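Listed below, chain by chain, are the residues.
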Amino acid sequence: MRVFNLLKVAFKAIVLNKMRSLLTMLGIIIGVASVIAMLAIGEGSKASIRESISSMGSNIITIRPGAEVRGGVRGSASDMQTLTFEDYEAIRDEATLLSHITPMVNGGGQVINGSNNWPSTIYGVNPEYLAIKVVDLQSGSMFTQAEVQSAAKVALIGQTVVDNVFPDGAEPVGQMIRFNNIPFKVIGVLEEKGENTFGQDQDDVVIAPYTTVQKRILAIDYLNQVMASAVSEEDAPEAVNQVIDIMRTQHKLTDAEEDNFSVRSMEELISTFSSTTEMLTILLVAVASISLLIGGIGIMNIMYVSVKERTKEIGLRMAIGGRGSDILMQFLIEAILISITGGLLGVVLGLGATVFIEKFLHWPTSVALYSIVVSFAVCAITGIFFGWYPARKAAALDPITALRYE
């Protein structure tokens, strides 16, 4: 028989048993739809994580004193006081792959305006902070380097602080507030950014010159951290290595000594979260793939039933000259058609599911072309794998025995 005739015969057999064929396809449909939806959720989550972390700052690199955890034991308080202004100056002057850099100190306290008060965090930085964190001003202006050097009592505040200490809607710029009883003149309001990936409110901040926070709020002479941004995302790993070398030289560490500081980039954080998301996606896809396996077993089962029901037909075809290879191809094509048709319906259902998930559940999704291609390939392989044995059994039937079958 020609392939066209085999396709006609296989299609006719499927149409004659529409309900049975549809139920057979159900496992394939659910499996393909689940795989596409799970991969879409995984890809969407990775893109969302990357976007959220990137929004926290442009290629941020942070240098902190001490190692946060050593063998499961946190470092002592003295280890957390080893980052100095001289370290900041060395990095600023020697690192060639950094575009902006600022020292940073921070502490918690109460922001007070008249009878209104709000617990917040004050960050002491220099004017380059806004460029590093990719934050714009809603109103007002950033303090100057001259105000940093004079430890001026000026501050910028986030929208959350504005909402809580200026509840009457008054313009904050130009007014006085107190932070832990230290007066500050508000010279700017930061653009609203909302929560970051970790659920932290990025608008619940007070920004002031680091010299002011060091002397008047915290009474310290060391830095809590140094924050910088690499010239580009591609240069971030090399910039980290460059900063590590500068810091080791600055702290006079020998080759045998461990770092008494830590340097981290946003790219590392993105990679960590992406790896976790990928593992979860693989797990979800593996669970969804069980439906494909069940669908394949369903195809094998229904093909066995089909061979049994059409034993006489097989014997008749063989008696009039049909070859075993023709019978094999007839049933194999039927199994592949069932599988591919189920795959097509599964793709449609999967795409519909991703639209539903994004529109009504508000989860980020991103349908990758490879997920559809892989689903089709798996459907074809499933049809061949699970249809081969029943088709082989049909081709091996003895014509005389088949014609006598009741």
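Residues numbered from 1 in each chain as written. Predicted model: local features only at pLDDT ≥ 70, side-chain atom pairs only at ≥ 80, totals over all residues. Heavy atoms only, no water.

The name that an unreviewed UniProt entry assigns to the protein chain is Multidrug ABC transporter substrate-binding protein, with the source organism given as Cyclobacterium marinum. As stated in UniProt under Sequence similarities (unreviewed entry), the record for the protein chain gives "Belongs to the ABC-4 integral membrane protein family." In its Subcellular location (unreviewed entry) section, the UniProt entry covering the protein chain states "Cell membrane". (UniProt positions renumbered as here; feature names shortened; annotations may be inferred.)

**Student:** Tell me about the packing of aromatic side chains, residues and numbers included.
**Tutor:** Scanning the model with the defined rule gives 3 aromatic pairs in all. Ring geometry for F85 and Y210: centres 5.9 Å apart, planes at 25°, overall stacked. Placement of the pair is F85 in helix 3 (residues 85-94) and Y210 in helix 7 (residues 210-218), with a sequence separation of 125 residues. Here F85 falls in the partly exposed class, since its relative accessible area comes to 26%. Consider the rings of F356 and F360, whose centres lie 5.0 Å apart with planes at 35°: the pair is tilted. You can see F356 and its partner F360 sitting in helix 11 (residues 324-361), 4 residues apart, about one turn around the helix. Judged by its relative accessible area of 47%, F356 is partly exposed. Each member of the aromatic cluster is reached from another via a ring pair, and the members are F85, Y88 and Y210. (Phe/Tyr/Trp six-rings, centres within 6.5 Å; stacked < 30°, edge-to-face > 60°. Helix = DSSP H or I, 4+ residues; strand = E, 2+ residues; numbered from the N terminus. Buried < 20%, exposed > 50% of the residue type's maximum accessible area, 1.4 Å probe, protein only.)

**Student:** Can you tell me about a nonpolar patch on the surface, naming the residues and giving the values?
**Tutor:** Taken together, M19, L22, L23, L26, I30 and L345 make up a surface patch of nonpolar side chains, about 550 Å² in accessible area. The element best represented in the nonpolar patch is helix 2 (residues 18-55), accounting for 5 residues. Mapped onto the elements of the fold, I30 is located in helix 2. (Patch = residues over 30% accessible without salt bridge, like charges linked within 9 Å, V, L, I, M, F, W, Y side chains within 5 Å. Areas by Shrake-Rupley, 256 points an atom, 1.4 Å probe, with all protein chains shown as cover. Salt bridge = Lys/Arg side-chain N within 4 Å of Asp/Glu carboxyl O.)

**Student:** An account of the side chain of T354 is requested, with residue identities and associated values reported.
**Tutor:** Along the chain, T354 turns up in helix 11. For T354, a relative accessible area of 5% translates into the label buried. In this structure the side chain of T354 is engaged in a polar contact, spanning 2.6 Å, whose partner is the backbone oxygen of L351. Not counting residues within four places of it along the chain, the set of residues in contact with T354 comprises I36, A37, A40, T365 and V367. (Polar contact = N/O pair within 3.5 Å; in protein donor to acceptor, adjacent residues only side chain to side chain. Contact = heavy atoms within 4.5 Å.)

**Student:** Explain the environment of T341 to me, using residue names and the numbers behind them.
**Tutor:** Assignment of secondary structure puts T341 in helix 11. Among the residues examined, T341 registers a relative accessible area of 31% and is labelled partly exposed. Side-chain polar atoms of T341 contact the backbone oxygen of L337, separated by 2.7 Å.

**Student:** Mind laying out the pattern of salt bridges, listing which residues take part and the relevant values?
**Tutor:** Tallying each qualifying case throughout the model produces 3 salt bridges. Between R92 and D93 there is a salt bridge; the shortest N-O distance is 3.1 Å. Given the relative accessible area of 38%, R92 is considered partly exposed. The exposure class of D93 is exposed, given its relative accessible area of 56%. Note that R248 and D259 form a salt bridge whose closest N and O atoms lie 2.4 Å from each other.

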